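# Chains, contacts and geometry: an overview
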Amino acid sequence: MTDDPGPDEPQPDEPQPEEPTAPRCIVVGGGPGGMLAAYLLARAGIAVTLLESHQDFDRDFRGDSLHPWTLELMDRLGLAEDLLALPHFKATRFRMFTPAGTVITTDYTKLDSRFPFVALMPQVRFLDFLAGRAAALPEFTLITGARVRKLIFDGDRVAGVAWRDADGPRELRADLVIAADGRFSKLRALSELPVDDLGATTDLLWFRMPRRPDDPAEADVDLYFGRDAYAGLLGGVQDWQIGVTVPKGGYAAARSAGVAPIKQFLAAHLGWLGDRIELLTGFDQITLLSVELKRVRTWHREGLLLIGDAAHVISPVGGNGILMALQDAVVAANLLVPALRRTERPGAEVMSAIQSAREPAIVQVQQAQVRTEQRAADARERNRPLIPGRLLKVITALPGARRRSAARNGYGPYPPALAADLFGADHR
């Protein structure tokens, strides 16, 4: 979100837009975490307004992975059948392709689940689906094109937000504001909450290639390792998303070198793309995906709660940012709904309980990503290959290893459950 030029208030002779009815809760950001949080609150009978800065949910290069935990949650909500009627692919493995051979680290088919796979579905379809179901709830309001500019305070308490849209400056007050506005969170910056940078060492050059019916079956994520870089491959309905690693801050040098080195890497390690490699002709087809690893020390202040990447930026390399954000939303709803039903403003005790319930999982995921980043940095510094060790192939072939990895990836550490009485008798 960026600030717009111009006055913050309309001129006296300008007609002022009608302000929406004050909700109990405002959710800022219509990504997976924000959308699910708003849906759960509204379904539980809590008036919620979701503010999304864009006019729709269609963004390029966003995570598309819906893990078994997510699909089981959708099933619990009675939404899985309709969701999976939308176009998607069932990814059953996590693989690494190295000069020493292919390593299958994860096999979701070994899970005891109705959904032993990762559904690869464009994120816009998932968000449109949830938004459509939320729109049928009387307590849910969606406002798009709402570029939040500042927090509204009542003393030290966050009491609402101010934003601009096509009609000019607007504002809305509520008992609680949930910041779910992503890795570059405006509300995180406005909150002035301390943030720890955990030290990402890698960036990704992200682009697309068309897929063909005879392409290899995709996994959750396929990693193709070269000596000095690796590529992550994500399957889509009509194309592949491909991210090639460069050292942190290496985009300028990569752009100066042009696409030839990238094409050489693809030809050497993803040769099955064939003549499609020649479709990559310039850096105007490439997006820099800056890898970040950050965590806010305290995810809340009075009247404000941060969830998802607004609270803890997860590296896209592991493909589990969506899972972490959705689990944040479930825990937040579990603990916020009872307080809001009592007509209370959720206090520090409730907000701290949300962070306490989620932080151990987030720390575990981020620590694993930090170790991966450090290994990559050490390999570059010592001019050693990034290729995983041969021992990995032995370890992942041990009985139960791929199932345990599938459980870790498919559910995350300490996966939460939706509170059995969240919706109550009147809101099932």
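For the structure itself, consult the block above.
Residues numbered from 1 in each chain as written. Predicted model: local features only at pLDDT ≥ 70, side-chain atom pairs only at ≥ 80, totals over all residues. Heavy atoms only, no water.

## Quick notes on the overall build of the chain
Going by this rule: Comment: elements are numbered from the N terminus, with helices defined as DSSP H or I runs of at least four residues and strands as E runs of at least two. Any residue under 20% of the maximum accessible area for its type is buried, any over 50% is exposed, and the rest in between are partly exposed; the area is computed with a 1.4 Å probe on protein chains only. Should any heavy atoms of two residues lie within 4.5 Å, those residues are counted as being in contact. All accessible-area figures derive from a Shrake-Rupley calculation using a 1.4 Å probe, and residue coverage is judged against the displayed protein chains alone.
Regarding its fold elements, the chain presents 11 helices and 22 strands. Here the chain holds 428 residues, and 54% of them are scored as buried. In the chain, once contacts between residues fewer than 6 apart in sequence are set aside, the share between residues at least 24 apart is 76%. Of the roughly 18,800 Å² that the chain leaves accessible, carbon and sulfur atoms contribute 50%.

## Let's talk about the packing of aromatic side chains
Pairs of aromatic rings are described using the distance from one ring centre to the other and the angle between the two planes. What counts here: Note on aromatic pairs: the rings of Phe, Tyr and Trp (six-membered ring only in Trp) are paired at centre separations within 6.5 Å, and the planes decide the class, stacked below 30 degrees, edge-to-face beyond 60, tilted for the rest. The rule for a charge over a ring is simple: NZ of Lys or CZ of Arg within 6 Å of the ring centre, and within 35 degrees of the ring normal.
For the structure on display, the rule yields five aromatic pairs. Ring plane angle 5 degrees and centroid distance 4.4 Å describe the contact between Phe97 and Tyr224, whose orientation is recorded as stacked. Taken together, the positions of Phe97 in strand β5 (residues 93–98) and Tyr224 in strand β15 (residues 222–225) put the pair 127 residues apart, joining distant regions of the chain. The class of Tyr224 is buried, set by a relative accessible area of 5%. When the ring of Tyr251 is compared with that of Phe283, the centres are 5.8 Å apart and the planes differ by 70 degrees; the resulting orientation is edge-to-face. With Tyr251 in helix α6 (residues 251–257) and Phe283 in the loop between α7 (260–269) and β18 (287–290), this pair connects stretches of sequence that are 32 residues apart. You can call Phe283 buried: its relative accessible area is 8%. Of note, Arg211 hangs over the ring of Phe89, and the distance from its end group to the ring centre comes to 4.5 Å. Positioned above the aromatic ring of Trp240, the side-chain terminus of Arg211 is 4.5 Å from the ring centre.

## Some words on the sheet that holds strand β14 (residues 202–210)
Heads up, the condition is: A pair of strands counts as paired when DSSP detects no fewer than two bridges linking them. A fitted line through C-alpha atoms serves as each axis, taken over the contacting stretch for helices, and the angle formed by two N-to-C directions is quoted from 0 to 180°.
The sheet built from seven strands is open, its strands ordered β6-β5-β15-β16-β17-β14-β18 with mixed pairing. The open sheet terminates on both sides in strands that have one partner only, identified here as β6 (101–107) and β18. Taken pair by pair, the neighbouring strands of this sheet meet at an average axis angle of 25 degrees, ignoring direction. Its contacts with the sheet put α7 on β14, β15, β16 (230–235) and β17 (239–247), and the angle it makes with β14 is roughly 70 degrees.

## Remarks on helix α11 (residues 401–411)
Buried within α11 we find Ala401, Ser405, Ala406, Gly410 and Tyr411. Among the residues trailing α11, Gly412 stands out with phi positive, at a value near 75 degrees.

## Digging into the side chain of Ser113
Under the convention used in this document: Any pair of nitrogen or oxygen atoms within 3.5 Å is treated as a polar contact; in protein, a donor-acceptor pairing is required on top of that, and neighbouring residues in sequence qualify only through side-chain atoms on both sides.
Within the secondary structure, Ser113 sits in the loop between β6 and β7 (118–120). Among the polar contacts made by the side chain of Ser113, one reaches the main-chain amide nitrogen of Phe115 at a distance of 2.9 Å. Ignoring any residue separated from it by four or fewer positions in sequence, one finds Ser113 in contact with Pro68, Glu72 and Tyr411.

## A word on the environment of Leu36
Mapped onto the elements of the fold, Leu36 is located in helix α1 (residues 32–43). Relative accessible area serves as the criterion here: at 0%, Leu36 is assigned to the buried category. Leu36 sits 91 residues away from Leu127 along the chain, and the two C-alpha atoms are 8.8 Å apart.

## Some thoughts on the sheet that holds β7
Strand order in the open sheet made by the three strands is β3-β7-β4, with antiparallel pairing throughout. Edge strands, defined here as strands with exactly one partner in the open sheet, are β3 (65–66) and β4 (89–91). Of the pairings in the sheet, the one linking β4 to β7 comprises three bridges and is antiparallel in character. Paired with Ala91 across the two strands is Val118, which belongs to β7.

## Observations regarding the nonpolar core
For soluble globular proteins, nonpolar side chains are generally found buried alongside one another. So the rule is basically this: Throughout this description, the term nonpolar core refers to a set of buried Ala, Val, Leu, Ile, Met, Phe, Trp, Tyr and Cys residues connected via side-chain atoms within 4.5 Å.
Counting 93 residues, the largest nonpolar core has Leu36, Leu40 and Leu77 as the members making the most contacts within it. Considering each element in turn, this core owes the most residues, 13 residues, to helix α8 (residues 321–341). Core analysis: the second largest hydrophobic core is formed by 22 residues, Ala231, Val259, Ile262 and Ile277 among them.

## Quick word on unusual backbone geometry
Even without being a glycine, Glu192 presents a positive backbone phi close to 60 degrees. Mapped onto the elements of the fold, Glu192 is located in the loop between α5 (186–191) and β13 (195–197). At Thr343, a residue that is not glycine, the phi angle is positive and equals roughly 60 degrees. With a relative accessible area of 63%, Thr343 lands in the exposed category.

## Things to note about the pattern of salt bridges
Rules: For this document, the term salt bridge refers to a Lys or Arg side-chain nitrogen within 4 Å of an Asp or Glu carboxyl oxygen.
All chains considered together, the criterion is met by 17 salt bridges. Arg297 is the salt-bridge partner of Asp196, the closest N and O atoms lying 2.9 Å from each other. With Asp196 in strand β13 and Arg297 in the loop between β19 (294–296) and β20 (300–301), this residue pair connects regions lying 101 residues apart in the sequence. The exposure class assigned to Asp196 is partly exposed, which follows from its relative accessible area of 30%. We note a salt bridge from Asp328 to Arg358, for which the minimum N-O separation is 2.6 Å. On the criterion of sequence distance, the pair formed by Asp328 in helix α8 and Arg358 in helix α9 (residues 348–381) is long-range, its members being 30 residues apart. For Asp328, a relative accessible area of 1% gives the class buried.

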